[in-house]
Amino acid sequence: SEAGRSVISKYERVQCRALTALQSLSSTLPAEIAAMPDTLLPLWTMVFNAANQPGVSGELLEALTGTLRTTATLMKQALSPCVPVEHVQVLCQGCQAVHVTVDVQVNILATLTVLGSMLVTQPDQLAAITIVAKCFVETACRASSVRVISEALDGVFDVFADGGEIGDAAVEASSMLPSLQKLAPNLKTKLRQGARSIGRELPLLQSAHLNLVRFLKYMAKKKKA
């Protein structure tokens, strides 16, 4: 009924505000508290489970994934254990789901960037970091949103430019470089379309293309060394 939908909508707005407050509160936690395993992992699990409930709305999902992003950053800063690999897999799948908004995709990609930078330091996590690599590349190559393309490429650069042996192995296993080599001219074509079609996101696309070209050159030199 209309009344029922109104109640649900109001409840979701309250949840969104609570999550925004939680993000602000989490970012002010002292390092000693944030580093405690019983502080961050339960928080992550609670928010992750809420984000994966059926029927979560776009606005609420955006707030939940934003909280995941904040929590992942805290976990990295506090040198906490990384989240379960299954959670990483679900995030990668969610990032490429048809129904998610651009803001949700950006939050998920930023979260995966943080988690990827944690996983890439762990020798036994090659399978997990390869899943992240594939997610970044496939998202960058398929997305139509400049913001999403830029965020996915930022993940590639931040995690894999100096990812060590595990990172290099994931780059190889995911066929990252051949895919990105095909993407570079596509981005150049978008740039030629100019500000009329891209609008205010033109500088973002210019930066993404420039950094991609630099990344490919850097990785080619690494391979030859």
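None of the values given here were measured: they were computed from a predicted structure.

Enquirer: Is there a simple way to explain the pattern of salt bridges in this structure?
Expert: When the charged atoms of two side chains lie near each other, side chains of opposite charge can form a pair. Applying the stated criterion across every chain yields a total of two salt bridges. Residue Asp103 pairs with Arg147 through a salt bridge whose shortest N-O separation is 2.8 Å. One end of the pair, Asp103, is in helix 6 (residues 102-119); the other, Arg147, is in helix 8 (residues 146-160), with 44 residues separating them in the sequence. The exposure class of Asp103 is partly exposed, given its relative accessible area of 29%. For the salt bridge of Asp168 with Lys222, the shortest nitrogen-to-oxygen distance reads 3.1 Å. Linking Asp168 in helix 9 (residues 164-173) with Lys222 in helix 12 (residues 202-224), this pair joins segments that are 54 residues apart in sequence.

Enquirer: What should I look at first to understand the packing of aromatic side chains in this one?
Expert: In this description, an aromatic ring pair is defined by two values, namely the gap between the centres and the angle between the planes. In this structure the tally under the stated criterion is two aromatic pairs. Ring centres 5.4 Å apart and planes at 45° place the aromatic pair Phe157 and Phe215 in the tilted group. You can see Phe157 sitting in helix 8 and its partner Phe215 sitting in helix 12, a full 58 residues away along the chain. Each of the two residues, Phe157 as well as Phe215, counts as buried.

Enquirer: For this particular structure, what's the right way to read the packing of helix 6 against helix 8?
Expert: Packed helices, taken two at a time, are described by the angle their axes make and the gap between the axes. Here helix 6 crosses helix 8 at 0°, and the two axes come no closer than 9 Å. The orientation of helix 6 with respect to helix 8, classified from their angle, is roughly parallel. Listed contacts from helix 8 to Val102, Asp103, Gln105, Val106, Leu109, Ala110, Thr113, Gly116 and Ser117 of helix 6 are Arg147, Val148, Glu151, Ala152, Gly155, Asp158 and Val159. Its residues placed into classes, the contact of helix 6 with helix 8 shows seven nonpolar, five polar and four charged.

Thresholds applied
Residues numbered from 1 in each chain as written. Predicted model: local features only at pLDDT ≥ 70, side-chain atom pairs only at ≥ 80, totals over all residues. Heavy atoms only, no water. Salt bridge = Lys/Arg side-chain N within 4 Å of Asp/Glu carboxyl O. Helix = DSSP H or I, 4+ residues; strand = E, 2+ residues; numbered from the N terminus. Buried < 20%, exposed > 50% of the residue type's maximum accessible area, 1.4 Å probe, protein only. Phe/Tyr/Trp six-rings, centres within 6.5 Å; stacked < 30°, edge-to-face > 60°. Axes fitted to C-alpha atoms, helices over the stretch in contact; angles between N-to-C directions. Parallel < 35°, antiparallel > 145°, perpendicular 65-115°, else oblique. Contact = heavy atoms within 4.5 Å. Nonpolar A, V, L, I, M, F, W, Y, C, P; charged D, E, K, R; others polar.

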